Each structure stands twice: as C-alpha cells, then as structure tokens.
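# Architecture at a glance
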Amino acid sequence: MVFSNLFFLYIFLPANIILYFAARKTKTRNLIMVCFSLVFYAWGEPVWVFLLIATALLNWRLALYMESRREDKDGLNARYALIAAVVLDLSLLVLFKYTGFLYENINALFGTSFVGPGLVLPIGISFYTFQIISYVADVYRKDVKAQPSFLKFLMYVTMYHQLVAGPIVRYRWIAQEIDHREVDSVEVWQGLCRFCVGLCKKVVVANAAGKLAGQYLDGDLSRVTTAGALFGILMFTIQIYYDFSAYSDMAIGMGRIFGFHYMENFNYPYIARSVTDFWRRWHISLSSFFRDYVYIPLGGKYRHQLRNICVVWLLTGLWHGASWNFVLWGAWYGALLILEKKVLLARLEKLPAAVGWAWSFLTVLVGWSIFYFTDFSRLAAFLPILLGGRLAADPGLWVTVQNNLFWLFLSAAFCAPILPFVRDQVAKRAAEEKQQAAVVAVQAAGCFLLVMASTAYLVGQSYNPFLYFRF
C-alpha cells in the first residue's frame, strides 16, 4: 500500500484517525497504531511482516541486554551485543537486497552460472534497518535508554508514516513522544495541510514529470537530441524531488496528526550553491545517518578524511540500489565533495551566487543521469548526447514544452522556498489584523482543492509509480 492510493486516502487513513482519537489511553493508541502499521506493511506481501517483527524482537532483546551490561568492567558484553545486532541487521539487508547482485558479478567475473535464491526485496528494508541500527547504537553509546516495552519499540519500528519511504527517524528524537504525547487541534490541522500538499506534489507534479521523462529517456536514444536529453533529465530531476519530498511531507504530516514530530528531510536542495550544500539539503535523514554512524566514528575530518568520504559514498551509492550505476553515482558525489573540500569550496564562496548554483545544478543533472540508467550501455550512449553530442532541431520537444509551459514554470518555481515565504507573510499579516479564522478558511479551501485534484488524477491515470520501492 502507498499513500497515493484511493483506498488509503478514503478508507485506511480515516479509519486510523477515527479509532486512534476514539481511544483515550496512550497504550490503546499505541496498539491501534501498531495494528494499522502491520496491516499497511502486509498489504502487498504478508510474509515479510513476520521478518519485520522478528527483526524488531531480536534487536529489542539485544538492546535490553546491552543496557543491562553497561556497567561491566570492560564493557565487552555490551559491545558484543552491539556487534551482534549490527551484523544481524546488515546480514538481512545484504541477503535480500544484494545477493542477486553478488551472484551476477561472480558469474560475470568467473564465467560461472550460479543461480541466486531469487528473493523478493521486502519494501522499506533499507529504511527500517537503518532506524534499528541507529537505536541499538544510541543505546550502546548511552544516548538513550533501552525501551522496556516491546509494543512501544515495535510501534517505533513499524509506524507506517515513515516505514517504506522515510525519513529515517531516530528513536531518541521521538522517545518522549512514544511514552507521552498530546495532540491538539492546531497540530492535527497543520499535519493535515502538510499531508495534502505532499499528496498533490506526488500525484499532480511527480507523476506528470515522470511520464514526460520516460518519453525521452526510456525509448530509442539514437533518436534523442541534446535538447531532448536535457529536457528528459530535467523532468526526472523534478520527478525524483517532488516524489521523494512528497512522501516525506505526507509522513511528517501524518506524524504530526498522531502526535509525532519527524525531522525535515528536504530543504529546497535545488537552490544549493555547491554540492556540499546540496547534500545538506537532500535526504537529510540519510546524510545525517552516515555522518553520525559512519563518517564520524571512522575519524571524520580529523583522521583519514579522504578515506572516510570514499567509504561513506560507496555505502550511500549501494544503499540506493544493488547496481553498479549506484556505485558510480556514489563515486561521482564522493569525488565532487573531495574536490570541493580541497579546492573549490573556498573559491565558490567568493564568486556570485549564480555561479555556485550553476555548478551545483549541472553536477546534479549529471548525477541524476547516472542514477536513472541502471544499464551502463544506455548511460554511455546518453551522457555524450546530454553534453552536446547531438545538437539538432527538435520540433516535437518544442510542442511538448508549449503544451506544458505553465505546469513547467510552476513546478520549477516551487523548487525554491516560495510557499513558506508566502505562508509566513500571510500569517504575519493575519496576526496583525486578527484574521486567523480567514486564513484557516483559505487553507481549508486550498486543501480541499488539492485533495480533489489529486483524486481526479488518481481516478483518471494508471501511471502512479513508487520510486523508492527498491529501498
């Protein structure tokens, strides 16, 4: 099940909200949330819900054991429990996500014909694996106390808001809200509005951009001009941002409805003025995970910084998918970040902002090209075209641009923080004139229109991809 689904919008989510707020006790609400989350996860492939529960149970027990042995003189037992938990979690991730990739490469390298187990990838396994690892690591480091209630821990792991598409929520950020949370009408309203905006971004913008991208990137590349290649990758650039940030918006909004405050996962990355700045703005929960649990423990910027960057970006690339193009994508960004840290960043800061933005955005376009094409032969054919290898007139492209001009302008414009600026100005003016009720009425009308537009699109189209299914 996904958020941009009519059953989810009109049956599942309303039923969850009604039952949740009908219950008065936190324990009952926790149980309701766990039940709905397990149903949500099991909707497509019920068997993997048992893997999810078993993984949560084992890590919960290991964390409790780890905490009970904190005061051991040498601390070895706690360290062994941490190692066991991390090895267990990463082994399951490797088994389901990378076994086929390993078999393919062994066969290609040695000319063998081994047949892999053909395991289906459990949806969201990369997200919940990293959440669990962050929890056991934080318990080991004494940043949090181990959760004594398995129900509460299972709720943390399985909450469907962020289970399959993030953001990666650390236990310590919501530990207090798991035990005690209060929700008022303002929080619920803000959560609903955030959800409606995310839904529209996904259904109306991301899906439309994906269809346009496919027209130029999925067909015969020998017929694609440089302008067509640029347009296609620009559409994918819009699609992946609006798609992923939309799921984060909806997750954050639903969390707010039920009393949880998740971190922001995107901060308008396409206005970044360097690659370093881009990765402070894109998928913030993943970047901060690798920073806190890989980069800094390896030594950060103080010991073997270049090695640490390479390790982080190899893992970042592999996290996104079991394919060599993702390894190359990670290497691309690792090399760019090293280049900026050693040479470019200080110079970019002295140049006009437009120069830094152009540098960042052009490198991102190349990066999304590497990300998009899992087939190296198609990537090798596409990049020369994108970089000017087929300059020719493209009348069909001009017609496509003309037919979508208004939509293209709006989708590009809202990659900048226009909406927050307008919202803040309206709120300030309303507070001065004591017109908050009018603002709420306008918000309600806007949310209603967004939901109706999204519903119309969902009813009328079959193209509704879930880009992050591989995670």
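Details of the structure are given in the entry above.
Just so we're clear, the structure is a prediction, and the values are computed from it rather than from any experiment.

Criteria and thresholds
Residues numbered from 1 in each chain as written. Predicted model: local features only at pLDDT ≥ 70, side-chain atom pairs only at ≥ 80, totals over all residues. Heavy atoms only, no water. Helix = DSSP H or I, 4+ residues; strand = E, 2+ residues; numbered from the N terminus. Rg over C-alpha atoms; globule rule 2.2 N^0.38 Å. Buried < 20%, exposed > 50% of the residue type's maximum accessible area, 1.4 Å probe, protein only. Contact = heavy atoms within 4.5 Å. Lys, Arg positive; Asp, Glu negative; His and termini not counted. Charge placed at Lys NZ, Arg CZ, Asp CG, Glu CD. Salt bridge = Lys/Arg side-chain N within 4 Å of Asp/Glu carboxyl O. Disulfide = S-S within 2.5 Å. Patch = residues over 30% accessible without salt bridge, like charges linked within 9 Å, V, L, I, M, F, W, Y side chains within 5 Å. Areas by Shrake-Rupley, 256 points an atom, 1.4 Å probe, with all protein chains shown as cover. Core = buried A, V, L, I, M, F, W, Y, C linked by side-chain atoms within 4.5 Å. 1 Å grid on protein atoms, 1.4 Å probe; cavity = no way out; pocket = protein on both sides within 12 Å on 5 of 7 lines; lining within 4 Å. Points joined across faces, edges and corners; volume = space filled by probe spheres on them. Nonpolar A, V, L, I, M, F, W, Y, C, P; charged D, E, K, R; others polar.

For the rest of this paragraph, the subject is the overall build of the chain. A count of helices and strands for the chain gives 20 helices and zero strands. Relative to a compact globule of 471 residues, whose C-alpha radius of gyration would be 23 Å, the chain shows 23 Å and is just as compact. The dimensions of the chain, computed from C-alpha atoms along their principal axes, are 70 × 70 × 50 Å. Classification of the 471 residues of the chain by burial places 50% in the buried group. Restricting to contacts in the chain with at least 6 residues of sequence separation, those with at least 24 account for 77%. Averaging the coordinates of the 41 positive side-chain charges in the chain and doing the same for the 28 negative ones gives two points 3 Å apart.

Take the pattern of salt bridges next. Enumeration according to the criterion identifies 13 salt bridges in this entry. In this structure, R141 and D143 form a salt bridge, with 3.6 Å as the shortest nitrogen-oxygen distance. Overall, R141 belongs to the partly exposed group, its relative accessible area being 35%. A residue is classified by how much of its surface remains accessible, and D143, at 41% relative accessible area, is partly exposed. For R223, the salt bridge identified is with D220, shortest N-O distance 3.8 Å. The exposure class assigned to R223 is exposed, which follows from its relative accessible area of 73%. Here the salt bridges share partners, and the residues they tie into one network are D138, R141, D143 and R172.

Here we take up the state of the cysteines. Within this structure, the stated rule accounts for zero disulfides. C200 provides the cysteine sulfur closest to C415, a residue in no disulfide bond, and the two sulfurs are 14 Å apart. Overall, C415 belongs to the buried group, its relative accessible area being 7%.

We now examine a nonpolar patch on the surface. A surface patch of nonpolar side chains, amounting to about 970 Å² of accessible area, comprises L6, F7, Y10, I11, V39, W43, F448, L449, M452 and V459. Elements that contribute at least two residues to the nonpolar patch include exactly α1 (6–22) and α20 (436–460). Its location among the elements puts V39 in helix α2 (residues 26–42). Since its relative accessible area comes to 42%, V39 is described here as partly exposed.

The next subject is the nonpolar core. Within the largest apolar cluster, 134 residues are counted, with the highest numbers of intra-cluster contacts made by F8, Y160, Y270, W282 and W368. When residues no more than four places from it in sequence are discounted, the contact partners of F8 are M1, V2, F3, L13, P14, F40, Y160, F195 and M254.

In this structure, Y268 is a non-glycine residue whose phi angle is positive, near 50 degrees. One non-glycine residue, H304, adopts positive backbone phi at about 55 degrees. Counting through the fold element by element, H304 comes out in the loop between α12 (284–298) and α13 (305–320).

As a further point, take a positive patch on the surface. On the surface, R280, K301, K341 and K342 cluster together into a positively charged patch. Inspection of the secondary structure assignment puts K301 in the loop between α12 and α13.

Let us now look at empty space enclosed by the protein. With the rule as written, the count across this model stands at one cavity of 30 Å³ or more. Roughly 50 Å³ of internal volume is contained in the largest cavity. Forming the boundary of the largest cavity are L51, T55, D89, L92, I125, Y128, T129 and I132. For the lining of the largest cavity, the secondary structure elements donating two or more residues are α3 (48–68), α4 (76–110) and α5 (125–140). Counting residues per element, the lining of the largest cavity draws most heavily on α5, which supplies four residues. The residue makeup of the lining of the largest cavity, split by class, is five nonpolar, two polar and one charged.

This part is about the layout of surface pockets. Of the voids in this model, the largest pocket is the one considered here, and its volume is about 1,800 Å³. Lining the largest pocket we find 48 residues, and of these C193, V197, L419, P420 and R423 sit closest to its centre. Within the residue set of the lining of the largest pocket, elements represented by two or more residues are α9 (185–217), α10 (226–257), α18 (405–413), α19 (418–433) and α20. In terms of residues, the lining of the largest pocket owes the most to one element, α9, which gives twelve residues. Split by residue class, the lining of the largest pocket holds 31 nonpolar, eleven polar and six charged. Elements with a contribution of two residues or more to the lining of the second largest pocket: α4, α5, α12, α13 and α14 (324–348). With nine residues, the top contributor of residues to the lining of the second largest pocket is α4. Across the lining of the second largest pocket, the residue classes tally to 23 nonpolar, one polar and one charged.

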